[in-house]
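Single-letter residue listing:
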Amino acid sequence: MRTLCLAGATATGKTAVAHLLAERLGARLLSADAMLVYRGMDIGTAKPTPAERARFAYRGLDVVGPDAPFSVGAWLACAHAAQAEAADAPLIAVGGTGLYFSALLRGLEPTPPENPALRAGLEALSLEALRARLAAHGATIADDRNPRRLVRALEILESGHALPGAWGARTPPRLVALTWPRALLHERIARRVERMYAEGLLEEARALRERFPVWSRTAAQAIGYAEALAVLAGTLTVAEAQARTVVRTRQLARRQESYLRTQFATEWVAAAPGDTPETLAARVLAAWGEDA
């Protein structure tokens, strides 16, 4: 069994490329996306269809409800199960959650328990304040543009513990990732948000709210769903929600690409106007060193 990794920012077309590659290689698929683990959150996460999930023997999808917490360790357990199930077939891990790829390729170091009181105070600080506070500890982390990562790092340090070694600079594992020119990616993101609303995101969010009155912190902050729920609550118009979702998705894409640049020896497969999933799949195969 071999595991092949295909990463990239949101809306880069990873899923379509992965499906073509799975067909060509007879591979199983493992989702490496932190939002796709939630059952019922389908439209807003651009989750593969039920037919695609059955066809490609997907793992890492629909693991918990939006009301349940989910950790990198829980995902890694799913990944190990998927690797065991794959047996002699290739397994393609595809997604945009860098922490999942880091755990898969480096292993997962144990971290100290959470300190909710300390975390609450840290979450009220700005990004620059968090970075300055981390510097005051004489510590650095590779992903220092991610507020949640900074909060967790400070929570660990200020609870009297050392940061896990993988959070700093170390020899990075190799990864293949898709990337688009910024302007084209922004266009793809805007079209995706329009499509989400046209396909019924508000109705999906309403049904989920009725089924799960209380969501986990991560699910409640999910891009697209937080805005859709605000529309349902009457605090945003649809136009405002769509605009905010586009902005947040662009910000996410920047963070994802930054993480892939700093944490891995990433081999980028750069897309250009006119590229199709088929042309990108051929280039990913070459980057992996696999036969076409």
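The structure displayed is predicted, hence computed values, not measured ones. (Residues numbered from 1 in each chain as written. Predicted model: local features only at pLDDT ≥ 70, side-chain atom pairs only at ≥ 80, totals over all residues. Heavy atoms only, no water.)

*Asks:* Can you lay out the packing of helix α1 (residues 14-25) against helix α13 (residues 277-288) for me, pointing to particular residues and giving the numbers?
*Replies:* Put simply, α1 and α13 touch, their axes get as near as 9 Å, and they point 65° apart. For the pair α1 and α13, the sense of crossing is right-handed. Along the contact surface, α1 presents A16, V17, L20, L21, R24 and L25, while α13 presents P277, E278, L280, A281, A282, V284, L285 and W288. Looking at the contact of α1 with α13 residue by residue, the class counts come to 12 nonpolar, no polar and 2 charged. (Axes fitted to C-alpha atoms, helices over the stretch in contact; angles between N-to-C directions. Helix = DSSP H or I, 4+ residues; strand = E, 2+ residues; numbered from the N terminus. Left-handed = near helix turned anticlockwise from the far one by under 90°. Contact = heavy atoms within 4.5 Å. Nonpolar A, V, L, I, M, F, W, Y, C, P; charged D, E, K, R; others polar.)

*Asks:* Summarise the side chain of K47; cite the residues concerned and give the values.
*Replies:* Within the fold, K47 resides in the loop between β2 (28-31) and α2 (50-55). For K47, a relative accessible area of 8% corresponds to the buried category. Within the structure, the side chain of K47 is placed 3.4 Å from the backbone oxygen of M41, a separation counted as a polar contact. Not counting the four nearest positions on each side in its chain, K47 is found in contact with L36, Y38, R39, G40, M41, D42, R53, L61 and D62. (Buried < 20%, exposed > 50% of the residue type's maximum accessible area, 1.4 Å probe, protein only. Polar contact = N/O pair within 3.5 Å; in protein donor to acceptor, adjacent residues only side chain to side chain.)

*Asks:* Report on the pairing of strand β4 (residues 174-179), specifying residues and quantitative values.
*Replies:* Taken residue by residue, a regular strand's side chains alternate between the two faces of the sheet. β4 sits mainly inside the fold: 5 of its 6 residues count as buried. Two elements, strand β1 (residues 3-8) and β4, share 3 bridges in a ladder whose sense is parallel. Within β4, the residue paired with L6 across the bridge is V176. Looking at chain direction, β4 and strand β5 (residues 265-270) are connected through 6 bridges and run parallel. Within β5, the position partnered with R174 by the bridge is A265. (Pairing = 2+ DSSP bridges.)

*Asks:* Account for the packing of aromatic side chains, with residues named and values stated.
*Replies:* The tally for this structure, following the rule as stated, stands at 3 aromatic pairs. Taken together, a centroid distance of 4.5 Å and an interplanar angle of 10° make the contact between W75 and Y100 stacked. Placement of the pair is W75 in helix α3 (residues 72-86) and Y100 in helix α4 (residues 98-106), with a sequence separation of 25 residues. There is no split in this pair, since W75 and Y100 are both buried. One cation-aromatic arrangement involves R106 over F264; the distance from NZ or CZ to the ring centre is 5.4 Å. For the cation-ring pair, R188 lies above W180, with the distance from its terminal atom to the ring centre recorded as 4.4 Å. (Phe/Tyr/Trp six-rings, centres within 6.5 Å; stacked < 30°, edge-to-face > 60°. Lys NZ or Arg CZ within 6 Å of the ring centre and 35° of its normal.)

*Asks:* Describe in detail helix α5 (residues 116-123), supporting the description with residues and values.
*Replies:* Those residues of α5 that fall on the buried side of the exposure criterion are L118, R119 and L122. Viewed along the axis of α5, the buried residues span an arc of 100°, placing them on a single side of the element. Exposed residues pointing more than 90 degrees away from the buried face of α5 are listed as P116 and A117. Looking at the buried residues of α5, the elements they touch are α6 (127-136), α7 (147-157) and α10 (217-220). (Arc of directions from axis to C-beta.)

*Asks:* Residues and numbers for the pattern of salt bridges, please.
*Replies:* Within this structure, the stated rule accounts for 15 salt bridges. Between R59 and E85 there is a salt bridge whose closest N-O contact spans 2.8 Å. Taken as a pair, R59 in the loop between α2 and α3 and E85 in helix α3 lie far apart in primary sequence, 26 residues in all. Given a relative accessible area of 36%, E85 falls into the partly exposed group. (Salt bridge = Lys/Arg side-chain N within 4 Å of Asp/Glu carboxyl O.)

*Asks:* Tell me about α4, residues and numbers included.
*Replies:* Along α4, the positions that sit buried rather than exposed are G98, Y100, F101, S102, A103 and L104. Those residues of α4 hidden inside the fold are in contact with β1, α3, β3 (91-94), β4 and α12 (238-263). Among the residues trailing α4, G107 stands out with phi positive, at a value near 90°.

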